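Inside the fold
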Amino acid sequence: MLAEQRFEAILRELNDSRAASVTRLCELTGASEATIRRDLNTLSKQGRLNKVHGGAVLTTSEFQGQEPDVTTKSFLHRDEKDSIARYAAGLINDDDMVYLDAGTTTVRVLEYLKGSQATFVTNGIACAHRMMELGLRAYIVGGCLKPGTWAVVGTGALDELERYNFTKTFLGINGISIRQGFTTPDPEEAAIKRKAAEQAYLTFVLADSSKFETVSAVTVLPLEKATIITEHLPDASYLEHTVIKEV
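Read on for an overview of the structure.

All right, on to the nonpolar core then. By size, the foremost hydrophobic cluster in this structure holds 33 residues, and its most contacted members are Tyr99, Ile176, Phe182 and Tyr238. Secondary-structure elements contributing two or more residues to this core are β9 (151-153), α8 (155-161), β10 (166-172), α9 (187-198), β13 (200-206) and β15 (218-221). If one sorts the elements of this core by residue count, α9 sits on top with four residues. Setting aside its immediate chain neighbours within four residues, Tyr238 contacts Ile176, Ser177, Ile178, Phe212, Glu213, Leu223, Leu233 and Ile244. With 21 residues, the next largest nonpolar core counts Val109, Leu110, Leu113 and Met131 among its residues.

We now examine the sheet that holds strand β2 (residues 49-52). Read from one edge to the other, the open sheet built from three strands follows the order β1-β3-β2, with strand pairing classed as antiparallel. The open sheet has two free edges, formed respectively by β1 (19-21) and β2, since each of these has just one partner strand. The average undirected angle you get between the axes of adjacent strands in this sheet is 20°. Across the sheet, helix α3 (residues 33-45) lies against β2 and β3 (55-58), angled at about 135° from β2, the strand it touches most.

Locating His129 in the fold gives a position in helix α7 (residues 125-134). With a relative accessible area of 48%, His129 lands in the partly exposed category. For the pair formed by His129 and Asp208, sequence separation is 79 residues and the distance between their alpha carbons is 24 Å.

Bringing α7 into the picture now. Of all the residues in α7, the buried ones are Cys127, Ala128, Arg130, Met131 and Leu134. Buried residues of α7, viewed axially, fall in a sector of 165°; they line one side. Positioned one or two residues after α7, Gly135 has a phi angle of 70°, which is positive.

With that settled, consider the environment of Val153. Counting through the fold element by element, Val153 comes out in strand β9. As a C-alpha pair, Val153 and Ile192 span 39 residues in sequence and 6.6 Å in three-dimensional space. In this view, Val153 contacts Gly143, Cys144, Glu188, Glu189 and Ile192; residues no more than four positions away in its chain are not counted.

A sheet is described by the order of its strands in space; here seven strands give the open sequence β7-β6-β5-β10-β13-β16-β17, paired in parallel fashion. Every interior strand has two partners, whereas the edge strands, β7 (137-140) and β17 (244-246), have only one. Strand-to-strand, the axes of this sheet are offset by a mean angle of 20°, without reference to chain direction. Inspection of the sheet shows strand β16 (residues 227-230) paired to β17 by three bridges, in the parallel sense. Residue Ile228 lies in a different strand from β17, and its bridge partner there is Ile244. Across the sheet, helix α5 (residues 78-89) lies against β10, β13, β16 and β17, angled at about 130° from β16, the strand it touches most. Contacts from α7 reach β5 (97-100), β6 (119-122) and β7 within the one sheet, and its direction differs from that of β6 by about 150°.

Criteria and thresholds
- Residues numbered from 1 in each chain as written.
- Predicted model: local features only at pLDDT ≥ 70, side-chain atom pairs only at ≥ 80, totals over all residues.
- Heavy atoms only, no water.
- Core = buried A, V, L, I, M, F, W, Y, C linked by side-chain atoms within 4.5 Å.
- Buried < 20%, exposed > 50% of the residue type's maximum accessible area, 1.4 Å probe, protein only.
- Helix = DSSP H or I, 4+ residues; strand = E, 2+ residues; numbered from the N terminus.
- Contact = heavy atoms within 4.5 Å.
- Pairing = 2+ DSSP bridges.
- Axes fitted to C-alpha atoms, helices over the stretch in contact; angles between N-to-C directions.
- Arc of directions from axis to C-beta.

Read these as geometric descriptors, not functional statements.
Next up, the structure:
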């Protein structure tokens, strides 16, 4: 059986049963375990299935076309975001130059940074407001205000980010999947996130477990370009693509 025929047989079995063991796929195709495992690796990299121990499951990526507003998001997964924020804050040293993205998880990081001597840059209105309240050394980039997410976007913000060299960048994100990487609904916000990552020595994505297997319209970065901080990793196959810290 040719490789493409095996791929079709594997995906057909997953569509019917939603999961399949390596043994079952060997029976279906007449191929060896080594061949089937290579096939699963290939199909996983293409985003057509998720590898699990001993076999594979059907990918369950959910497409997110629109982004909830800040008020709505602030009430979602609050305990998980708090755990992620506490860990992220512990990575920031007094001599760091830090970029904090707009987002409900990134703004929580500031609650654990009272008295920090680090320098902060943000495109988030909520982040900037909290930085002022805490008396942190902080800068906000200029540009166009996006009401729904309280973020500053546009060419002005991109031009300003070009001037900075960050030791650490912390990004919020809407979706994470193996094939599409880190995604967000808005092209302008995606551009800001991408530029902040390009200007950083280390990039971290702060994402609760609900963000995995969700895909938004615009890819920000491939998975290998950032370390993920999450409270729970729902699929161990992501570990083949990037560093992930569960907190």
